[in-house]
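Close look at the chain arrangement
For reference, the chains in residue letters:
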Amino acid sequence: MQTRDRVNLMQVDRWGYVAAGVALLAWGLRRRGVLGGSAGGMAAWLMYQAYTGNNPMFEPLDIRVNRQPSETDAKETIIVEDALTIGKPREEVYRFWRNLENLPRFAPHVLRVRVEDERRSYWEIEGPHGGSVEWESEITRDTPNEEIQWRTTAHRKITNFGSVSFRDAPAGRGTIVRVHLEYVSPAGSLGAAIARMMGRAPQSMVEQALRSLKQLLEAGEVATTQGQSSGRESARTH
Amino acid sequence: MKATCWYGKHEVRVEEVPDPSILNPRDAIVRITSTAICGSDLHLYDGFIPTMRKGDILGHEFMGEVVELGSEVKNLKVGDRVVVPFPIACGKCFFCEKELYSLCENSNPNSSIAEKMWGHSPCGIYGYSHLTGGYAGGQAEYARVPFADVGPLKIPDGMSDEQVLFLSDIFPTGYMAAEACDISPGDTVAVWGCGPVGQFAIQSARVLGAERVIAIDCVPERLTMAANHGGAEAIDFEQHDVMDALKELTGGRGPDACIDAVGMEAHVHGAIGTYDRVKQAMMLETDRPAALRQAIMACRNGGTVSVPGVYGGFLDKFPFGSVMNRSLTIKTGQTHVHRYMRPLLEMIQDGKIDPTFIITHRMSLDDASEAYETFKHKQDDCVKVVLTP
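Note that the coordinates shown come from a computational prediction; the quantities given were computed from them, not determined experimentally. One numbering rule holds for all chains: residues counted from 1, following each sequence as written. Key to labels: chains lettered from A, ligands numbered from 1, both in the order written. The model is predicted, so local features are restricted to residues of pLDDT at least 70 and side-chain atom pairs to those at 80 or more, both for listing and for counting; the totals for chains, interfaces and linings are taken over all residues.

Secondary structure elements follow DSSP: runs of H or I of four or more residues count as helices, runs of E of two or more count as strands, with numbering from the N terminus. Within chain A one finds 5 helices and 8 strands. Helices (α) and strands (β) of chain A occur, in sequence order from the N terminus, as α-α-β-β-α-β-β-β-β-β-β-α-α. Referenced to the eigenvectors of the C-alpha coordinate spread, the extents of chain A come out at roughly 65 × 60 × 40 Å. Evaluated residue by residue, chain A yields a buried proportion of 31% over its 238 residues. Here the C-beta atoms are placed from the backbone, and a residue counts as buried if at least 20 other C-beta atoms lie within 10 Å of its own, exposed if 12 or fewer do, and partly exposed otherwise.

The subject of this paragraph is the domain arrangement of chain A. For every domain, the bounds stem from an assignment made automatically or drawn from a database. Along its sequence, chain A is carved into domain 1 (11-54) and domain 2 (60-219). Its C-alpha centre places domain 1 of chain A at a distance of 37 Å from the equivalent point of domain 2 of chain A.

Residues are scored as being in contact if the C-beta atoms we place from backbone atoms lie within 7 Å. Residue-level contacts link 36 residues of chain B with 26 residues of chain A. Within the residue set of the side of chain B that touches chain A, elements represented by two or more residues are strand 1 (2-8), strand 2 (11-16), strand 4 (56-57) and helix 3 (111-118) of chain B. Only Asp, Glu, Lys and Arg are considered charged in this grouping, and only Ala, Val, Leu, Ile, Met, Phe, Trp, Tyr, Cys and Pro are considered nonpolar; every other residue, Gly among them, is considered polar. By residue class, the composition of the side of chain B that touches chain A is 15 nonpolar, 11 polar and 10 charged.

Attention shifts here to the domain arrangement of chain B. Residues and elements named next belong to chain B. You can read the domains of chain B as domain 1 (2-168 + 335-388) and domain 2 (171-332). Computed over C-alpha atoms, the centres of domain 1 and domain 2 are 25 Å apart. Counting residues at the interface gives 24 residues for domain 1, matched by 21 residues for domain 2. At the level of secondary structure, the elements contributing two or more residues to the side of domain 1 that touches domain 2 comprise helix 1 (39-45) and helix 12 (337-349). The class makeup of the residues in the side of domain 1 that touches domain 2 is 14 nonpolar, 5 polar and 5 charged.

Turning to the packing of helix 6 (residues 196-207) of chain B against helix 7 (residues 220-230) of chain B, a few remarks are in order. All names here are of chain B. At a closest axis distance of 10 Å, the pairing of helix 6 and helix 7 adopts a crossing angle of 25 degrees. It follows that helix 6 is roughly parallel to helix 7 by the angle criterion. Classified by chirality, the crossing of helix 7 by helix 6 is right-handed. Along its contact with helix 6, which presents Gln199, Ile202, Gln203 and Arg206, the element helix 7 presents Met225, Ala226, His229 and Gly230. Here the contact of helix 6 with helix 7 is composed, by residue class, of 3 nonpolar, 4 polar and 1 charged. Here, axes are lines fitted to C-alpha atoms. For helices the fit covers the stretch in contact, and angles between N-to-C directions go from 0 to 180 degrees. Any angle between 65 and 115 degrees counts as roughly perpendicular, while under 35 counts as roughly parallel, over 145 as roughly antiparallel, and the rest as oblique. Should the near helix be turned anticlockwise from the far one by less than a right angle, the crossing is left-handed, and should it be turned clockwise, the crossing is right-handed.

For the rest of this paragraph, the subject is helix 5 (residues 170-179) of chain B. Residue and element names in this part refer to chain B. Burial within helix 5 is extensive, with 9 of its 10 residues counted as buried. The complete set of buried residues in helix 5 reads Ile170, Phe171, Pro172, Thr173, Gly174, Tyr175, Met176, Ala177 and Ala178. Against helix 6, strand 14 (257-260), strand 15 (304-307) and helix 12 lie the buried residues of helix 5.

Residues and elements named next belong to chain A. Taken in spatial order, the 8 strands line up as 1-2-8-7-6-5-4-3 in an open sheet, and their pairing is antiparallel. Strand pairing shows two members of the sheet lacking a second neighbour, strand 1 (65-66) and strand 3 (110-115), which therefore form its edges. Paired strands, as defined in this entry, are two strands with at least two bridges between them according to DSSP. Across 9 bridges, strand 2 (residues 77-86) lies against strand 8 (residues 175-183) in antiparallel orientation. Across the sheet, residue Ala83 finds its bridge partner in strand 8, namely Arg178. Sheet strands in contact with helix 3 (residues 90-98) are strand 2, strand 6 (147-154), strand 7 (157-168) and strand 8, and its direction is about 160 degrees off that of strand 7.

In the case of a regular strand, side chains alternate between the two sheet surfaces. All names here are of chain B. Where strand 1 lies against strand 2, 6 bridges are found, and the strand directions are antiparallel. By the bridge assignment for strand 2, Lys2 is matched with Glu16. Here strand 1 folds back onto strand 2 in antiparallel fashion, the turn holding 2 residues, of which His10 has a positive phi close to 60 degrees.

All right, on to the packing of helix 5 of chain B against helix 6 of chain B then. All names here are of chain B. Helix 6 packs onto helix 5 with a crossing angle of 50 degrees between their chain directions and a minimal axis gap of 7 Å. With respect to helix 6, the axis of helix 5 lies oblique. Seen along the crossing, helix 5 lies across helix 6 with a hand that is right-handed. Contact residues: helix 5 offers Ile170, Phe171, Thr173, Gly174, Tyr175, Ala177 and Ala178, while helix 6 offers Pro196, Val197, Gln199, Phe200, Ala201, Ser204 and Ala205. For the contact of helix 5 with helix 6, the class distribution of residues is 10 nonpolar, 4 polar and no charged.

Our focus in this paragraph is the nonpolar core. One recurring pattern in soluble globular proteins is that nonpolar side chains are buried together. Core analysis: the biggest nonpolar cluster contains 124 residues, and B:Val30, B:Val189, B:Val191, B:Ala201, B:Ala215 and B:Ile259 have the highest contact counts within it. Of the residues that make up this core, three or more belong to each of domain 1 (2-168 + 335-388) and domain 2 (171-332) of chain B. We define a nonpolar core as a collection of buried residues of the types Ala, Val, Leu, Ile, Met, Phe, Trp, Tyr and Cys that are connected via C-beta atoms lying within 7 Å of each other. A:Met10, A:Val164, A:Ala192 and A:Ala195 belong to the second largest nonpolar core, which has 28 residues in total.

Residues and elements named next belong to chain B. By secondary structure assignment, the location of Met63 is in strand 5 (residues 61-69). With 25 C-beta atoms counted inside 10 Å, the residue Met63 sits in the buried group. Along the primary structure Met63 and Val83 are separated by 20 residues, whereas in three dimensions their C-alpha atoms are 4.3 Å apart.

Along the polypeptide, B:Gly186 turns up in the loop between helix 5 and strand 11 (188-192). Taking the C-alpha atoms as reference, B:Gly186 lies 27 Å from B:Phe357; in sequence the two are 171 residues apart.

Let's shift gears to helix 9 (residues 270-281) of chain B. Since the α-helix packs 3.6 residues into each turn, any two residues three or four apart lie on the same face. The end-to-end C-alpha distance of helix 9 of chain B, which contains 12 residues, comes to 17 Å, matching closely the 16 Å that a straight helix rising 1.5 Å per residue would cover. Downstream of helix 9 of chain B by a residue or two, B:Met283 has a phi angle that is positive, lying close to 60 degrees. The span you would expect from a helix comes to 1.5 Å times its residue count less one.

Residue and element names in this part refer to chain B. Where strand 3 (residues 28-36) meets strand 18 (residues 385-388), 2 bridges bridge the pair, whose relative direction is antiparallel. Counterpart to Ala36 in the pairing with strand 18 is Val386. Taken together, the 4 bridges between strand 17 (residues 361-364) and strand 18 define a ladder with parallel strand orientation. Residue pairing in the sheet places Met363 in a bridge with Leu387 of strand 18. The β-α-β motif built from strand 17, the intervening helix 13 (residues 368-376) and the parallel element strand 18 has right-handed crossover chirality. Whether a crossover is right-handed depends on one test, that the path from the first strand over the helix to the second runs clockwise when the strands point away from the viewer.

A few words now on the sheet that holds strand 11 of chain B. All names here are of chain B. Taken together, 6 strands build an open sheet; the order of strands is 13-12-11-14-15-16 and the sheet is parallel. Edge positions in the sheet fall to strand 13 (233-236) and strand 16 (329-332), since each of these pairs with one other strand and no more. Neighbour-to-neighbour, the strand axes of the sheet open up by a mean angle of 20 degrees, direction not taken into account. As paired elements, strand 14 and strand 15 share 3 bridges and run parallel to each other. For Ala257, the partnering residue across the bridge sits in strand 15 and is Thr304.

Given below as structure tokens:
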């Protein structure tokens, strides 16, 4: 649990806000009247957000920006964190995750993982429009039964990095799995916010992955209704 | 196969849909021999439960014969007759191990939707909106039953469908509501709503040792049923002021426990009834909690309010000051059906209770659309409809 940094806009967003603010202000000054006045007000609000680096509308979406990520290749990142308790021993959960080829079984949109050696693996991820994206991932630290850290690149550019840790839950209640992920958002915080609303952001993927992992390890299968029947496809539906 | 599908408010039709298939190793396919319409299905019918989609197959009270098994189901075989509990539970998670099956952490594929609405997610439920998983229901010829090695109860030979069908929901639901009242000798239990769950709550309160049971409703046939089968004293809320009547019947103190078997669509006259209807219609509150308010106000100091009635969201004018200042205990939850199926089956076998008394209508699955209308408007003294494919 981290204290919330008020900054949830990336540099690209802030410059965008400044540009939009200047344009609106110029238009408002020319236009004048009520409409011009409100454009001026809007411009002031955008500039104020650019100055503080905080858009209050992104707060409920849990958009958090790290301006000084530990991976210096990534200038700015969006932070994703989630944790879940899984009712299995730490060793078992760690072992299942460490065998990276298991990940497509519980991580959404991960089509294939090919392990090259102890450190390197290649990932095929389902793209937003049916295509696929390839990643190269490198394990940067591996403490058995405790933590795995990784860094992922596509076309030599860093896309994400993070860690998954495994801690004992109290009183033999299993393992607390905690994921900390930071990713480079090419479309800034605005892009991340839109993706979040569409349910395709890394935040929802991490949440879904943890839930499915829990189901797979505890119940032996991932709960689904994919492929069940309904009156939607029936011939007489109108 | 034929299936009862939801297409919108007051629009339910039997349609031809594809047969279900095994999707997971712990699934089974059941050929349904009997299914029932639940009072809570009427909340879907009336359009008060969010996240329903056109074409969803309804029904969470069903039983039948196993026709196909997933590779991991070892305790059943093809041909077994089973009753299926309405909550879908994995049997392995933290909550299942505590026998809190309706809180199973692993059966709701849409838990993120439920978390937005309720903070955390309960289990998956058949045919009960996408908040609880969007699972296809059992008012159909066949149904897919996930975690079939945990849920379905095998029925001994010689017992009829009608004797055991209600183990799927309403009998355990009424029983759990009565059990939550923690009944001591001499206790009076008041039950709001004499629909099927209320009737089973009344009978269960008797079995668990209540001295007196008071039934509150406005439908004369239902009050008569409560009196004849559950030995309950009746209060018709259209004829009497419930608070006054309860004070009088309990020597001024109030019932030791109150059961709200009504839920989110309570009918009540006067200003507060109109207030709830208007706010619900304008979507300013999701539920009309008139029965619950009254159950809280009526309950004796330090008593228990048990709520098997279904609520969906956010309630107005909820008298929490009465709960706090008078040390009331509220107990509620979707029923942990798996916990009760076997003991209640034994109770039926021993002749302590005969659940068939509740059935007023036997109809064909083909007539499901008409059955919903009849049940909703309590036409023809309808209390419970059983459908057979």
